[in-house]
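Architecture at a glance
As a plain string of letters, each chain reads:
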There are 2 protein chains.
Amino acid sequence: MFYTRKCGEIEESDFGSEQTLCGWLQDIRNLGGIAFIQLRDITGIIQLTLLKKKLGDEKFKDWTSINRESIILVRGIVKENKEAPGGVEMLPDNIEILNEAETPLPLGVIDKIDSEIETRLNARYLDLRKSEIAANFQIRAAVSGAVHKHLRREKFLEVQTPKIIASATEGGTSLFEMKYFDKTAYLAQSPQLYKQILMSGGLERVYEVGPAFRAEEHNTPRHLNEFITIDIEMSFADDDVVMGVMERLVDCAARVVAKETEALETLGIEPIELELPLPRITYD
Amino acid sequence: MFYTRKCGEIEESDFGSEQTLCGWLQDIRNLGGIAFIQLRDITGIIQLTLLKKKLGDEKFKDWTSINRESIILVRGIVKENKEAPGGVEMLPDNIEILNEAETPLPLGVIDKIDSEIETRLNARYLDLRKSEIAANFQIRAAVSGAVHKHLRREKFLEVQTPKIIASATEGGTSLFEMKYFDKTAYLAQSPQLYKQILMSGGLERVYEVGPAFRAEEHNTPRHLNEFITIDIEMSFADDDVVMGVMERLVDCAARVVAKETEALETLGIEPIELELPLPRITYD
């Protein structure tokens, strides 16, 4: 590994020791005789403190003129500093640029100014560096992890069904057509038929987390033509049992997401607390 | 739930109590005054013991003439019987046919005779009922579960990348072409470009378990045009670190699969035991 510690994982027992860190140079504040660099990795931000007197004019000038969002590798002593974010700082003896960012950036990472969606998608590699964008990935992964864990605990067997299919599985949904060598095939809009075969085959409880495709033209940004479906099928169950599976699954996901405190805080979202069983409303 | 117990999960504390079971009628052995039915569900097989004297001629005749592989619901007292498979039997008071199988079956489930692959695929709903076929699904799910669990433990973030893409991600691989409304698109042959964007975006460690598609005509049954890929990407790592991730992942999967004793036994496969670190061979 290129690094010995992650930026957000330096502990008291590390104070006074030499460590190597890797990350993205988020910001520099140069006060003349002293400069502070914010170094960011996936675990957090650490302050690098540069002293001109200690480093000499040349090094100080070189290191304080590295472009923002460059990827750097730093080595130095880590120590406590109650005034630094996270209470830790590093005094680097060496900074190596692994990859220098071009300037100007097409998009700011910590700037308060919003960018157009077009700009953001064209520079998605930068857009992802924003904590509020990365937080979505964190929460999405938490939900997916909760689904896998919970359904396995309820004895559902994970399956993966074909996505290239010979015929439609549901009426009313448009299919993407494709060429499968000399045949015409379609992209699956649901694992439905396969799940039903698995039920006939006696597997009793199966689930799949995977892509589904629907060739419907929408005029809203709330619909997707390709999406990840959490699909469940079970035998010998009535509607009440199925609703029980669903509510426990949602509850489990909500509880796992609630643990993602940092991501939720970044997004300004309060965790949801459910009380089971959820009220069930009849048609009557 | 239609049942109160699963066939393979009746415990000593259940002996003497009335239970309801659901499953597939695997086989009947009729000895005249007594008959034994093998009832199968996903957890195992239980013996149903029918006594002509107790049930009367009509019920005995009706219940012993249910077609094999029909789905039935049975209610009765469960008790210990050391001679029965699993040491348990049920004396049913009632048998309800949920779904009667047609006869003859296109394919035997417990018969020793092998079927042609064409017959098996045409009656895949029956083929899946064979324990050696279901065992593959069990082991596959175990591997997938191990992958998710292990990579999350090593702080990899699960991601799901698009499968409909605008351009090729790797040279040398043929793509399936499709129509995306008025545009031409392709099916992803790898999450490569997306993983790399995620690395540039600072997520550092990501993985995906999902389908990939390769439009290559093969003359072997060992190649697939659609398959599930376990795809990993990480930043700040050298080849040695990557090999470490891989060997721990394989080791973890092997250990989880080793716990699937029943499935392995059904398939006649010995569990693999790895000794880490695996030997690493250089090019020289």
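Residues numbered from 1 in each chain as written. Chains lettered and ligands numbered in written order. Predicted model: local features only at pLDDT ≥ 70, side-chain atom pairs only at ≥ 80, totals over all residues. Heavy atoms only, no water.

1. As for the overall build of chain A
A tally of helices and strands in chain A yields eight helices and 11 strands. Expressed as lengths along the three principal axes of its C-alpha atoms, the size of chain A is roughly 75 × 45 × 35 Å. Every one of the 284 residues in chain A was classed for burial, and the buried ones make up 45%. Contacts in chain A between residues far apart in sequence, at least 24 positions, make up 57% of those at least 6 positions apart. Accessible area of chain A: about 15,700 Å², with a carbon and sulfur share of 49%. Of the charged side chains in chain A, 34 are positive and 48 negative, and the gap between their average positions amounts to 4 Å. (Helix = DSSP H or I, 4+ residues; strand = E, 2+ residues; numbered from the N terminus. Buried < 20%, exposed > 50% of the residue type's maximum accessible area, 1.4 Å probe, protein only. Contact = heavy atoms within 4.5 Å. Areas by Shrake-Rupley, 256 points an atom, 1.4 Å probe, with all protein chains shown as cover. Lys, Arg positive; Asp, Glu negative; His and termini not counted. Charge placed at Lys NZ, Arg CZ, Asp CG, Glu CD.)

2. What about empty space enclosed by the protein?
Applying the stated criterion to the full structure yields one cavity of 30 Å³ or more. Counted as a void, the largest cavity has a volume near 160 Å³. Val209(A), Gly210(A), Val209(B), Gly210(B) and Pro211(B) are the residues nearest the centre of the largest cavity, which is lined by 19 residues in total. Contributions of two or more residues to the lining of the largest cavity are made by β10 (205–213) of chain A together with β10 (205–213) of chain B. (1 Å grid on protein atoms, 1.4 Å probe; cavity = no way out; pocket = protein on both sides within 12 Å on 5 of 7 lines; lining within 4 Å. Points joined across faces, edges and corners; volume = space filled by probe spheres on them.)

3. Considering the domain arrangement of chain A
Each domain of chain A was delimited in the assignment, giving domain 1 (7–99) and domain 2 (130–267). A separation of 43 Å is found between the C-alpha centroids of domain 1 of chain A and domain 2 of chain A. (Domains from an automatic or database assignment.)

4. Here's the deal with the environment of Leu98(A)
With respect to the helices and strands, the residue Leu98(A) is situated in strand β5 (residues 88–99). Sequence separation between Leu98(A) and Ile72(A) is 26 residues, and the spatial gap between their C-alpha atoms is 5.2 Å. Contacts of Leu98(A), omitting those with residues within four sequence positions, involve Phe2(A), Cys22(A), Ile71(A), Ile72(A), Leu73(A) and Phe236(B).

5. Observations concerning the sheet that holds strand β1 (residues 18–30) of chain A
Residues and elements named next belong to chain A. Taken together, five strands build a closed barrel; the order of strands is β1-β2-β3-β5-β4 and the barrel is mixed. Taken pair by pair, the neighbouring strands of this sheet meet at an average axis angle of 55°, ignoring direction. Helix α2 (residues 57–64) contacts β1, β2 (34–41), β3 (44–51) and β5 of the sheet and is inclined by roughly 70° relative to β5. (Pairing = 2+ DSSP bridges. Axes fitted to C-alpha atoms, helices over the stretch in contact; angles between N-to-C directions.)

6. Concerning the side chain of Lys195(A)
Residues and elements named next belong to chain A. Relative to the assigned elements, Lys 195 resides in helix α6 (residues 192–200). Of the residues examined, Lys 195 reaches a relative accessible area of 3% and is grouped as buried. Ignoring anything within four residues of it in the chain, the contact list for Lys 195 reads Val 206, Asp 231, Ile 232 and Glu 233.

7. Points about the relation of the copies chain A and chain B
Superposing chain A onto chain B takes a rotation of 180° plus a shift of 0.0 Å along the axis, which leaves an RMSD of 0.0 Å. Expressed as an axis order, the relation between the two copies is that of a two-fold axis. Nearest to the rotation axis, the C-alpha of Met178(A) is located 2.2 Å from it, this being the minimum over chain A. Of the interface residues in chain A, 100% have counterparts in chain B that sit at the interface too, so the contact is made through matching surfaces. (Least-squares fit on C-alpha atoms with pLDDT ≥ 70 in both.)

8. Re the sheet that holds strand β11 (residues 226–234) of chain B
Working definition: the strands of a sheet are paired by backbone hydrogen bonds and lie parallel or antiparallel to each other. Residue and element names in this part refer to chain B. Taking strand neighbours across the sheet as the criterion, the three strands line up as β6-β10-β11 in an open arrangement whose pairing is mixed. Two strands bound the open sheet, and with one partner strand each, they are β6 (157–158) and β11. The strands that helix α6 (residues 192–200) touches are β10 and β11; relative to β11, the one it contacts most, it runs at about 20°.

9. Here's the deal with a positive patch on the surface
A grouping of Lys149(A), Arg153(A), Lys259(A), Lys149(B), Arg153(B) and Lys259(B) is seen on the molecular surface, where their side chains present a positively charged patch. Within the residue set of the positive patch, elements represented by two or more residues are α5 (131–153) of chain A together with α5 (131–153) of chain B. Note that Arg153(B) resides in helix α5. For Arg153(B), a relative accessible area of 52% corresponds to the exposed category. (Patch = residues over 30% accessible without salt bridge, like charges linked within 9 Å, V, L, I, M, F, W, Y side chains within 5 Å. Salt bridge = Lys/Arg side-chain N within 4 Å of Asp/Glu carboxyl O.)

10. Regarding the packing of aromatic side chains
The tally for this structure, following the rule as stated, stands at 10 aromatic pairs over all chains. Between the aromatic rings of Phe176(A) and Phe181(B), the centroid separation amounts to 5.6 Å while the plane-to-plane angle is 70°, which identifies the pairing as edge-to-face. Highlighted residues: Phe176(A) in the loop between β7 (164–165) and β8 (177–180) and Phe181(B) in the loop between β8 (177–180) and β9 (183–187), drawn from two different chains. Judged by relative accessible area, Phe176(A) falls into the buried class, the value being 2%. Judged by relative accessible area, which is 29%, Phe181(B) ranks as partly exposed. Where Phe236(A) meets Trp24(B), the ring centres are 5.6 Å apart and the plane angle is 65°; that geometry is what we call edge-to-face. Within this pair, whereas Phe236(A) is found in the loop between β11 (226–234) and α7 (239–258), its partner Trp24(B) is found in strand β1 (residues 18–30), the two belonging to separate chains. According to the relative accessible area criterion, Trp24(B) is buried, its value standing at 2%. Taken together through their ring pairs, the aromatic side chains of Tyr3(A), Trp24(A) and Phe236(B) make up a single cluster. (Phe/Tyr/Trp six-rings, centres within 6.5 Å; stacked < 30°, edge-to-face > 60°.)

11. Points about unusual backbone geometry
All names here are of chain A. The omega torsion of the bond from Thr 103 to Pro 104 falls at 0°, within 30 degrees of zero and hence cis. Structurally, Pro 104 is set in the loop between β5 and α3 (117–122). Located in the positive-phi region is Phe 236, a residue other than glycine, with phi close to 60°. Judged by its relative accessible area of 10%, Phe 236 falls in the buried class.

12. Remarks on helix α7 (residues 239–258) of chain B
Residue and element names in this part refer to chain B. Under the 1.5 Å per step criterion, the end-to-end length of α7 is 28 Å for 20 residues, consistent within 8% with the ideal 28 Å. Those residues of α7 that fall on the buried side of the exposure criterion are Val 241, Gly 244, Val 245, Glu 247, Leu 249, Asp 251, Cys 252, Ala 253, Ala 254 and Val 257. Where α7 is buried, its residues touch α5, β11 and α8 (261–267). (Expected span 1.5 Å × (residues − 1).)

13. Here's the deal with the packing of α5(B) against α7(B)
Between two packed helices, the angle of one axis relative to the other and the distance separating the axes together describe the packing. Residues and elements named next belong to chain B. Interaxial distance between α5 and α7 falls to 8 Å at its minimum, and their mutual angle equals 135°. By the angle class used here, α5 and α7 are oblique. Taken as a pair, α5 and α7 cross one another with a handedness that is right-handed. Residues Ile 139, Ala 142, Val 143, Ala 146, Val 147, His 150, Leu 151 and Arg 153 of α5 form the contact with α7, whose own contacting residues are Val 245, Arg 248, Leu 249, Cys 252, Ala 253, Val 256 and Val 257. Across the contact of α5 with α7, the residue classes tally to 12 nonpolar, one polar and two charged. (Parallel < 35°, antiparallel > 145°, perpendicular 65-115°, else oblique. Left-handed = near helix turned anticlockwise from the far one by under 90°. Nonpolar A, V, L, I, M, F, W, Y, C, P; charged D, E, K, R; others polar.)

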